[in-house]
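These are the residues of each chain, in order.
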Amino acid sequence: MKKNIDKYKLPKHLAIIMDGNGRWAEKKGLKRILGHTNGVDSVKEIVEEVLNLGIPYLTLYAFSTDNWNRPKKEIGTLMNLLIKSLRSEFEKLLENNIRLNAIGDISALPKSVQNEINHVSEKTKNNTKLVLTIALSYGAREELENAIKNILREVKNNTISMEKVDQSIINKHLYTRNLPDVDLLIRTSGEKRISNFLLWQIAYAELYFTKVYWPDFRKKELHNALFNYQNRERRFGKTSKQINI
Ligand code: IPE
Ligand code: IPE
Ligand code: MG
């Protein structure tokens, strides 16, 4: 069956848990790191297609707070890969009007990675076609913990009154303060879990799980996910009849 994507029913914010790089490599008898390098090619292809389709927000889970518990060598290679990719893709981001946005505890990253992120974010900050958010050293519970601490501080300083603390104030204290809620969340590799990603922001997201490992997740797989998304009914608590009037 041909899957025609309806350009008028695209998610505004697509988020992806890019999982399965290691297993992809192991299945082929390769080192895990080769899974990560091939995963970068998937990132490039997906960003390009998201841009072509006109989806304005793409958020990629690249490194979680818990990923710090991996072997030092794997962490080191991932960090190097990150710097290399940011350098090699920088011109493309500029040319294609893509803004780079990093979320997570960026201060926990090696200084060299921080410098590269700051440089690319600063140079692309006025770009408007696509906001490409990379979650690095990211944990949703840590994000909420930070937000709560900052709100409490503001209440204590009388910058804000407790009565004013509502969902929109909470939103404004998250790393994702400038992003809309997630419409579609994709996780590759067959795992059906969230792994501490965007807990607040996915309240009404449609979830899509595929067995495909991230390095094999390319344009066709993205189209499958979008087609699936477009054939769902998002009711936000209402009845089907209310949605279809
Ligand atoms: C996702 O692939 C990339 C990161 C978490 C950095 P994995 O490295 O988790 O691959 P698997 O899940 O072990 O196959
Ligand atoms: C989630 O993948 C984090 C990223 C994709 C960056 P993990 O491979 O770390 O998650 P678990 O350990 O399977 O839950
Ligand atoms: Mg994994």
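One can find the structure itself at the top, above this paragraph.
As a starting point, this report considers the structure included with it. Please read all numbers here as calculations on a predicted model, not as lab measurements.

**Comments concerning the site of ligand 2**
Stage number 1. The environment of ligand 2 is made up of Ile17, Met18, Asp19, Tyr61, Ala62, Phe63, Asn67, Arg70, Arg187, Arg193 and Ser195.
Stage number 2. Within the contact set of ligand 2, an oxygen atom lies 3.3 Å away from a side-chain nitrogen or oxygen of Arg70.
Stage number 3. Within the contact set of ligand 2, an oxygen atom lies 2.8 Å away from a side-chain nitrogen or oxygen of Arg193.
Stage number 4. A per-element tally of the shell around ligand 2 places strand β2 (residues 57–64) first, with 3 residues.
Stage number 5. Looking at the shell around ligand 2 residue by residue, the classes come out as 5 nonpolar, 2 polar and 4 charged.

**Describing the packing of helix α3 (residues 72–95) against helix α4 (residues 111–123)**
Stage number 1. Between α3 and α4, the least distance of the axes is 10 Å, while the angle of their chain directions is 15°. With respect to each other, α3 and α4 are oriented roughly parallel. In this structure, α3 crosses over α4, and the sense of that crossing is left-handed. Packed against α3, whose contacting residues are Met79, Leu82, Ile83, Leu86, Arg87, Phe90, Leu93 and Leu94, the element α4 presents Ser112, Val113, Glu116, Ile117, His119, Val120 and Lys123 at the interface.
Stage number 2. Among the residues forming the contact of α3 with α4, the class breakdown is 10 nonpolar, 2 polar and 3 charged.

**What about the sheet that holds strand β5 (residues 184–187)?**
Stage number 1. With parallel pairing, 6 strands are arranged side by side in an open sheet as β3-β4-β2-β1-β5-β6. The strands lining the two open edges of the sheet, one partner per strand, are β3 (98–103) and β6 (206–209). Neighbour-to-neighbour, the strand axes of this sheet turn through a mean angle of 20°, independent of strand direction.
Stage number 2. Relative to β6, β5 runs parallel, the two sharing 4 bridges. Each bridged residue has a counterpart across the sheet, and for Leu184 the counterpart in β6 is Glu206.
Stage number 3. Packed onto the sheet, helix α7 (residues 219–230) meets β1 (13–17), β5 and β6 and runs at close to 140° relative to β5.

**With respect to the environment of Ala140**
Stage number 1. Mapped onto the elements of the fold, Ala140 is located in helix α5 (residues 140–156).
Stage number 2. Sequence separation between Ala140 and Leu174 is 34 residues; the distance between their C-alpha atoms is 9.3 Å.
Stage number 3. Filtering out sequence-adjacent residues up to four positions away, Ala140 remains in contact with Asn196, Phe197, Leu198 and Leu199.

**Thoughts on the site of ligand 1**
Stage number 1. With respect to spatial proximity, the complete set of residues near ligand 1 consists of Met18, Asp19, Gly20, Asn21, Gly22, Arg23, Arg32, His36, Ala62, Asn67, Arg70 and Leu78.
Stage number 2. Between Asn21 and ligand 1, the recorded distance is 3.2 Å, taken from a backbone N or O atom to an oxygen atom.
Stage number 3. With respect to ligand 1, the backbone of Gly22 contributes an N or O atom lying 2.9 Å from an oxygen atom.
Stage number 4. Residue classes in the shell around ligand 1 are distributed as 3 nonpolar, 5 polar and 4 charged.

**Quick word on helix α2 (residues 32–53)**
Stage number 1. Over its 22 residues, α2 runs 32 Å from end to end, which matches the ideal 32 Å to within 8%, given 1.5 Å per residue.
Stage number 2. Buried within α2 are the following residues: Gly35, His36, Gly39, Val40, Ser42, Ile46, Val47, Glu49, Val50, Leu51 and Leu53.
Stage number 3. One or two positions beyond α2, positive phi appears at Gly54, with a value near 95°.

**Here we look at the side chain of Ser85**
Stage number 1. Looking at the element boundaries, Ser85 is found in helix α3.
Stage number 2. Residue Ser85 is classed as buried on the basis of its relative accessible area, which comes to 18%.
Stage number 3. A polar contact of 2.7 Å, which involves the side chain of Ser85, links it to the backbone oxygen of Leu81.

**Thoughts on the layout of surface pockets**
Stage number 1. Taken as a whole, the largest pocket holds about 1,100 Å³ of empty space.
Stage number 2. Secondary-structure elements contributing two or more residues to the lining of the largest pocket are α1 (21–27), α2, β2, α3, β3 and β4 (130–138).
Stage number 3. Here the residues of the lining of the largest pocket sort into 24 nonpolar, 10 polar and 12 charged.
Stage number 4. In this structure, the second largest pocket spans a volume of roughly 330 Å³.
Stage number 5. Considering the residues around the second largest pocket, the lining is formed by 16 residues, among which Arg99, Asn101, Ala102, Tyr175 and Asn178 are closest to the centre.
Stage number 6. Breaking the lining of the second largest pocket down by element, the ones donating at least two residues are β3 and α4.

**Regarding α4**
Stage number 1. For α4, which comprises 13 residues, the first-to-last C-alpha distance of 18 Å matches the rise-based estimate of 18 Å (1.5 Å per residue) to within 8%.
Stage number 2. For α4, the secondary structure elements touched by its buried residues are α3, β3 and β4.

How each quantity is defined
Each chain has its residues counted from 1, following the order in which its sequence is written. The lettering of chains begins at A and the numbering of ligands begins at 1, in the order of writing. Since the coordinates come from a predicted model, pLDDT governs what is reported: local features require at least 70, and pairs of side-chain atoms require 80 or more to be given and counted, while whole-chain, interface and lining totals use all residues. The side-chain values count all of the structure's non-hydrogen atoms but skip hydrogen atoms and water molecules. Whether a residue is near a molecule or strand depends on its heavy atoms: if one lies within 4 Å, it is near. Between N or O atoms, a polar contact is any pair within 3.5 Å; within protein, one atom must be a potential hydrogen donor and the other a potential acceptor, and residues adjacent in sequence are included only when both atoms are from side chains. The helix and strand labels rest on DSSP assignments: H or I over at least four residues marks a helix, E over at least two residues marks a strand, and numbering proceeds from the N terminus. We call Asp, Glu, Lys and Arg charged. Ala, Val, Leu, Ile, Met, Phe, Trp, Tyr, Cys and Pro are nonpolar, and the rest, Gly among them, are polar. The convention used is that axes are lines fitted to C-alpha atoms, helices contributing only their stretch in contact, and that angles between N-to-C directions extend from 0 to 180 degrees. Any angle between 65 and 115 degrees counts as roughly perpendicular, while under 35 counts as roughly parallel, over 145 as roughly antiparallel, and the rest as oblique. Left-handed describes a crossing whose near helix is turned anticlockwise from the far helix through less than a right angle; right-handed describes the clockwise counterpart. Whether two residues are in contact is decided by their heavy atoms: any pair within 4.5 Å suffices. Only strands joined by at least two bridges in the DSSP assignment are considered to pair. How far a helix is expected to stretch is found by multiplying one less than its residue total by 1.5 Å. The classification of residues rests on relative accessible area computed with a 1.4 Å probe and restricted to protein chains. Under 20% of the type maximum is buried, over 50% is exposed, and intermediate values are partly exposed. Think of a 1 Å grid over just the protein atoms. A cavity is a set of points where a 1.4 Å probe fits yet cannot get out, a pocket is an open set with protein on both sides within 12 Å along at least five of seven lines, and lining residues have an atom within 4 Å of a point. Grid points are joined across faces, edges and corners, and a volume is the space filled by probe spheres set on the points.

Distances and angles like these do not, on their own, reveal function.
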